[in-house]
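Overview (structure and organization)
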Amino acid sequence: IGLVDPDPLRPPACLNLELSNEAVTEAERRREAAGGGVESFPLSRALYDVGCALLDNLFDERPIARFWFLEIIARIPYFA
């Protein structure tokens, strides 16, 4: 089919990037604890948290699918 093993000396493998839902959540908690939070209506925050948890579970270990899903959602207003 033309698939080859990834070369560890070429991007993205050489960058040692790793997507971790837990690391993102922890970074968000640290940012908010340092005073970098955004004031919002509690219902809005709850919906945001549920949405994040849903995305984390639906697209776990599938960063490209997650990116395209969010890209489509972001473009919906242009088509409305």
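Everything in this summary refers to the structure shown in the same document. (Residues numbered from 1 in each chain as written. Predicted model: local features only at pLDDT ≥ 70, side-chain atom pairs only at ≥ 80, totals over all residues. Heavy atoms only, no water.)

**Things to note about the overall build of the protein chain**
So the rule is basically this: Helix and strand assignments follow DSSP, with helices taken as H or I runs no shorter than four residues and strands as E runs no shorter than two, numbered in order from the N terminus. Restricting the calculation to C-alpha atoms gives the radius of gyration, and the globule rule supplies 2.2 Å times the number of residues raised to the power 0.38. A simple rule labels every residue: compare its accessible area, found with a 1.4 Å probe on the protein chains alone, to the largest value its type can have, and call it buried under 20%, exposed over 50%, or partly exposed in between. Note on areas: these come from Shrake-Rupley sampling with a 1.4 Å probe, and a residue is covered only by the protein chains present in the view. For this count, His and the chain ends are skipped, Lys and Arg are scored as positive, and Asp and Glu as negative. For this purpose, a charge sits on NZ of Lys, CZ of Arg, CG of Asp or CD of Glu.
Summing up its helical and strand segments, the protein chain has three helices and zero strands in all. Each helix and strand of the protein chain, placed in order from N terminus to C terminus, yields the pattern α-α-α. Taken over C-alpha atoms, the radius of gyration comes to 17 Å for the protein chain, far larger than the 12 Å a tight globule of 80 residues would show. When the backbone C-alpha atoms are referred to their principal axes, the protein chain occupies close to 50 × 40 × 20 Å. When each of the 80 residues of the protein chain is scored for burial, the buried share is 6%. Element-wise, carbon and sulfur atoms account for 64% of the exposed surface of the protein chain, whose accessible area totals about 7,400 Å². Put simply, the protein chain has 8 plus and 13 minus side-chain charges, and the middle of one group is 4 Å from the middle of the other.

**A word on the pattern of salt bridges**
Just so we agree on the cut-off: Any carboxyl oxygen of Asp or Glu within 4 Å of a side-chain nitrogen of Lys or Arg constitutes a salt bridge here.
Overall, the coordinates contain five salt bridges when judged by the stated rule. Arg 66 is paired through a salt bridge with Asp 56; the nearest N and O atoms lie 2.9 Å apart. Of this pair, Arg 66 sits in helix H3 (residues 63–79) while Asp 56 is found in helix H2 (residues 42–58), placing the two residues 10 residues apart along the sequence. Neither residue differs from the other here; Arg 66 and Asp 56 are each classed as buried. Of the charged contacts, one joins Arg 75 and Glu 71 as a salt bridge, the two residues approaching to 2.6 Å between their closest N and O atoms. Taken together, the residues Arg 75 and Glu 71, both in helix H3 and four residues apart, mark about one turn of the helix. Judged by relative accessible area, which is 41%, Arg 75 ranks as partly exposed.

**Some details on the side chain of Arg 66**
Defined as follows: Whether two residues are in contact is decided by their heavy atoms, any of which lying within 4.5 Å being enough.
Given the relative accessible area of 17%, Arg 66 is considered buried. Setting aside its immediate chain neighbours within four residues, Arg 66 contacts Asn 21, Leu 55, Asp 56 and Phe 59.

**Examining the packing of aromatic side chains**
The criterion, for reference: Each pair of aromatic rings taken from Phe, Tyr and Trp, with Trp reduced to its six-membered ring, is defined by centres within 6.5 Å and is described as stacked if the planes are under 30 degrees apart, edge-to-face if over 60, and tilted in the remaining cases.
Throughout the structure, instances matching the rule amount to two aromatic pairs. Between Phe 59 and Phe 69 the ring centres are 5.3 Å apart and the planes differ by 35 degrees, which places this aromatic pair in the tilted class. Highlighted residues: Phe 59 in the loop between H2 and H3 and Phe 69 in helix H3, separated in sequence by 10 residues. Owing to a relative accessible area of 11%, Phe 59 belongs among the buried residues under this scheme. Take Phe 69: its relative accessible area is 36%, and that puts it in the partly exposed class. Seen in terms of ring centroids, Phe 67 and Trp 68 are 5.0 Å apart; in terms of plane orientation they differ by 75 degrees. Their pairing is edge-to-face. Under the relative-accessibility criterion, Phe 67 is labelled partly exposed at 44%.

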